[in-house]
Amino acid sequence: ERRLLIDAMVMDTIPAGSVIIEQGDIGDYFYVVDQGNVIYQVDGNQVGTSTRGATFGELALLYNCPRAATCLANTDCTVWKVDQKTFRHMLANNTANQQKDVNEVLRKVPFLSKLDDILLAKIADALTTVTFNEGERIVNKGDVGEVFYVLREGSAKVHDIGFGDSQYVD
């Protein structure tokens, strides 16, 4: 999906001192700074700056609200931009694809596999993705089980499995 967004972007050159976004305007583009320095102002007060790799303009596109800040090109800038319709379409497709992937993973969990689609979607909506580094502990023996994990990709090794006098080996 990231590749599609990049392919949909158009390069724009903005001279120093130019207004890129005016506070209060209706959102039309999402921007990524390629070169240059952008200043952010709210009610005429500088509240931040950004350089290469920074993004701005997404809030007005996501929430259909007026621009929260004025963005000025402090130097000559090169930006990449994508229009609202394309941005929202790609975001919706990405969300739908992620939902489908999560549902497929949940269907592989034996006690969830027989749930109807509506209930499964509710469970999927409640999930949060957590990433662990190789060798990092996920759960320690004796911990209270407050989190339910579903392994989406990668592998995990279970050590020291036992309950009472029973011992299991992974």
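Refer to the preceding data block for the structure.
The rules behind these values
- Residues numbered from 1 in each chain as written.
- Predicted model: local features only at pLDDT ≥ 70, side-chain atom pairs only at ≥ 80, totals over all residues.
- Heavy atoms only, no water.
- Pairing = 2+ DSSP bridges.
- Helix = DSSP H or I, 4+ residues; strand = E, 2+ residues; numbered from the N terminus.
- Buried < 20%, exposed > 50% of the residue type's maximum accessible area, 1.4 Å probe, protein only.
- Polar contact = N/O pair within 3.5 Å; in protein donor to acceptor, adjacent residues only side chain to side chain.
- Contact = heavy atoms within 4.5 Å.
- Axes fitted to C-alpha atoms, helices over the stretch in contact; angles between N-to-C directions.
- Core = buried A, V, L, I, M, F, W, Y, C linked by side-chain atoms within 4.5 Å.
- Salt bridge = Lys/Arg side-chain N within 4 Å of Asp/Glu carboxyl O.
- Patch = residues over 30% accessible without salt bridge, like charges linked within 9 Å, V, L, I, M, F, W, Y side chains within 5 Å.
- Areas by Shrake-Rupley, 256 points an atom, 1.4 Å probe, with all protein chains shown as cover.

**Side note on the pairing of strand β5 (residues 45-50)**
Here is step 1 of the chain: Relative to β5, strand β4 (residues 38-42) runs antiparallel, the two sharing five bridges. Paired with Y40 across the strands is G48, a residue of β5.
Here is step 2 of the chain: Adjacent in sequence and paired antiparallel, β4 and β5 are bridged by two residues, among which D43 carries a positive phi angle near 55 degrees.

**Remarks on the side chain of R67**
Here is step 1 of the chain: Position of R67 among the secondary structure elements: in the loop between α2 (58-63) and β7 (70-73).
Here is step 2 of the chain: Judged by its relative accessible area of 6%, R67 falls in the buried class.
Here is step 3 of the chain: For R67, the side chain forms a polar contact with the main-chain oxygen of G57, separated by 2.8 Å.
Here is step 4 of the chain: The residues contacting R67, other than those within four sequence positions of it, are I21, E22, Q23, G24, D25, I26, G27, D28, Y29, Y31, G57 and A60.

**Some thoughts on the sheet that holds β4**
Two modes of strand pairing occur in sheets, parallel and antiparallel, and in both the strands are linked by backbone hydrogen bonds.
Here is step 1 of the chain: Spatially, the four strands line up as an open sheet ordered β2-β7-β4-β5, and their pairing is antiparallel. Looking at strand neighbours, the two that pair on one side only are β2 (19-21) and β5, the edges of this open sheet. Here the strands of the sheet are splayed against their neighbours by 30 degrees on average, with no regard to which way each runs.
Here is step 2 of the chain: Relative to β7, β2 runs antiparallel, the two sharing two bridges. Pairing of V19 across the sheet is with L72, part of β7.

**Overview of the nonpolar core**
Here is step 1 of the chain: Formed by 13 residues in total, the largest nonpolar core has its most connected members in I20, V38, F56 and C71.
Here is step 2 of the chain: With residues up to four places along the chain from it excluded, the contact list for C71 reads S18, V19, I20, I21, V38, I39, Y40 and F56.

**Section: the pattern of salt bridges**
Here is step 1 of the chain: Applying the stated criterion across every chain yields a total of three salt bridges.
Here is step 2 of the chain: Its salt-bridge partner being D28, residue R67 comes within 3.2 Å of it at the nearest N-O pair. Pair noted here: R67 is in the loop between α2 and β7 and D28 is in the loop between β2 and β3 (29-35), with a separation of 39 residues, a long-range link.
Here is step 3 of the chain: Across the pair D34 and R52 runs a salt bridge whose closest N-O atoms are separated by 2.7 Å.

**Section: a nonpolar patch on the surface**
Here is step 1 of the chain: Where nonpolar side chains cluster on the molecular surface, the patch consists of I138, V139, V147 and Y149 and spans about 350 Å² of accessible area.
Here is step 2 of the chain: With respect to the helices and strands, V139 occurs in the loop between α4 (117-126) and β9 (161-163).
Here is step 3 of the chain: Using a relative accessible area of 51% as the deciding quantity, one classes V139 as exposed.

Without other data, these values stay purely geometric and don't point to any function.
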